[in-house]
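Single-letter residue listing:
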Amino acid sequence: MSTIKDVARLAGVSLGTVSNYLNHPQSVSPATSRAIEAAILETHYRPNALGKSLRTGRGTDVGVVLPDLEDPYHVALLSGINAYFRTTDCTVSIAPSAGDPQGEARAVSRMAQRGLRGLVILPCRPEGLCAGETFPIVEVDRRSGLPGRGFVTFDHRETYFQAASRFLAQGCRRLVLLTGPLDFTGELAARDGFTVALDEAGVPEEGRSLLTCPPTRADAFRAATGIISRLDPQAVVCTSQT
């Protein structure tokens, strides 16, 4: 098995230069980079990712923690994340939290022990998950407010304003919105957009129901069943597809 010494000897450079090429390629001149790349190809050298992880405390895994892997929205998120990291040296490591804070914490802990490059998480609790901040963390949809976190989302308010408006345009006047806990920023924004659409259309209070339930599939199923049997709605809008 070839080593970094073999690459350096064949390329005619020092071990430090090869190390810079592998870890900070922008610091190596184009001509030297081409020589090292040719030596790597000829020797079939492969960097030891595990060894590097143990030395630096940073692995090549990017952790992704989502509530479940059956919700079409979560599947789309995962597809986009995979598509991006496919062009890098990172490996995507996936774990479902099932909406359980303890399960979420265990999943992140297991990933962190292997040395994470970073973490993408759709938190299952409003206050977020404190993971020690030893690697970059990006929160999706649910902003915890913890310092140093990246955050990405879509416009929940406009999305649910448009959803309600479409049903109203079809003549519906008994509408229900079912959300998760309003401690989540996205759920609150969805409720706001839905309510504004009904207000602008002049829908009276008795023609609208704004309901919440815990963010699990079983709770949502019970809530939806109760809505249909008790309220006889013309349309039900939910903030999750599962």
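Residues numbered from 1 in each chain as written. Predicted model: local features only at pLDDT ≥ 70, side-chain atom pairs only at ≥ 80, totals over all residues. Heavy atoms only, no water.

S.K.: Would you explain the packing of helix 7 (residues 156-169) against helix 8 (residues 185-201) in this entry?
M.R.: Packed helix pairs are characterised by how far apart their axes lie and by the angle those axes make with each other. Running from amino to carboxyl end, helix 7 crosses helix 8 at an angle of 35 degrees, the nearest separation of the two axes being 7 Å. In terms of crossing hand, the pair formed by helix 7 and helix 8 is right-handed. On helix 8, the residues touching His-156, Arg-157, Tyr-160, Phe-161, Ala-164, Ser-165 and Leu-168 of helix 7 are Gly-186, Ala-189, Ala-190, Asp-192, Gly-193, Phe-194, Val-196, Ala-197, Leu-198, Glu-200 and Ala-201. Residues belonging to the contact of helix 7 with helix 8 are distributed by class as follows: 11 nonpolar, four polar and three charged. (Axes fitted to C-alpha atoms, helices over the stretch in contact; angles between N-to-C directions. Helix = DSSP H or I, 4+ residues; strand = E, 2+ residues; numbered from the N terminus. Left-handed = near helix turned anticlockwise from the far one by under 90°. Contact = heavy atoms within 4.5 Å. Nonpolar A, V, L, I, M, F, W, Y, C, P; charged D, E, K, R; others polar.)

S.K.: When you look at unusual backbone geometry in this model, what are you seeing that I'm missing?
M.R.: Only a minority of non-glycine residues have a phi that is not negative, and only a minority of peptide bonds are not trans. Despite not being glycine, Ala-98 shows a phi value in the positive range, around 60 degrees. Structurally, Ala-98 can be placed in the loop between strand 2 (91-96) and helix 6 (101-113). For Ala-98, a relative accessible area of 58% translates into the label exposed. (Buried < 20%, exposed > 50% of the residue type's maximum accessible area, 1.4 Å probe, protein only.)

S.K.: Got a minute to help me understand helix 7 in this structure?
M.R.: Each α-helix turn comprises 3.6 residues. Residues three or four places apart therefore point the same way. Given a rise of 1.5 Å per residue, 14 residues ought to cover 20 Å, and the 20 Å separating the end C-alpha atoms of helix 7 matches this to within 8%. Turning to helix 7, the residues buried within the fold contact strand 6 (175-179), helix 8 and strand 8 (235-238). Between the side-chain oxygen of the N-cap and the backbone nitrogen of Arg-157 there are 3.3 Å, and the N-cap of helix 7 in question is Asp-155. Within two residues after helix 7, Gly-171 carries a phi angle of roughly 95 degrees, on the positive side. (Expected span 1.5 Å × (residues − 1). Polar contact = N/O pair within 3.5 Å; in protein donor to acceptor, adjacent residues only side chain to side chain.)

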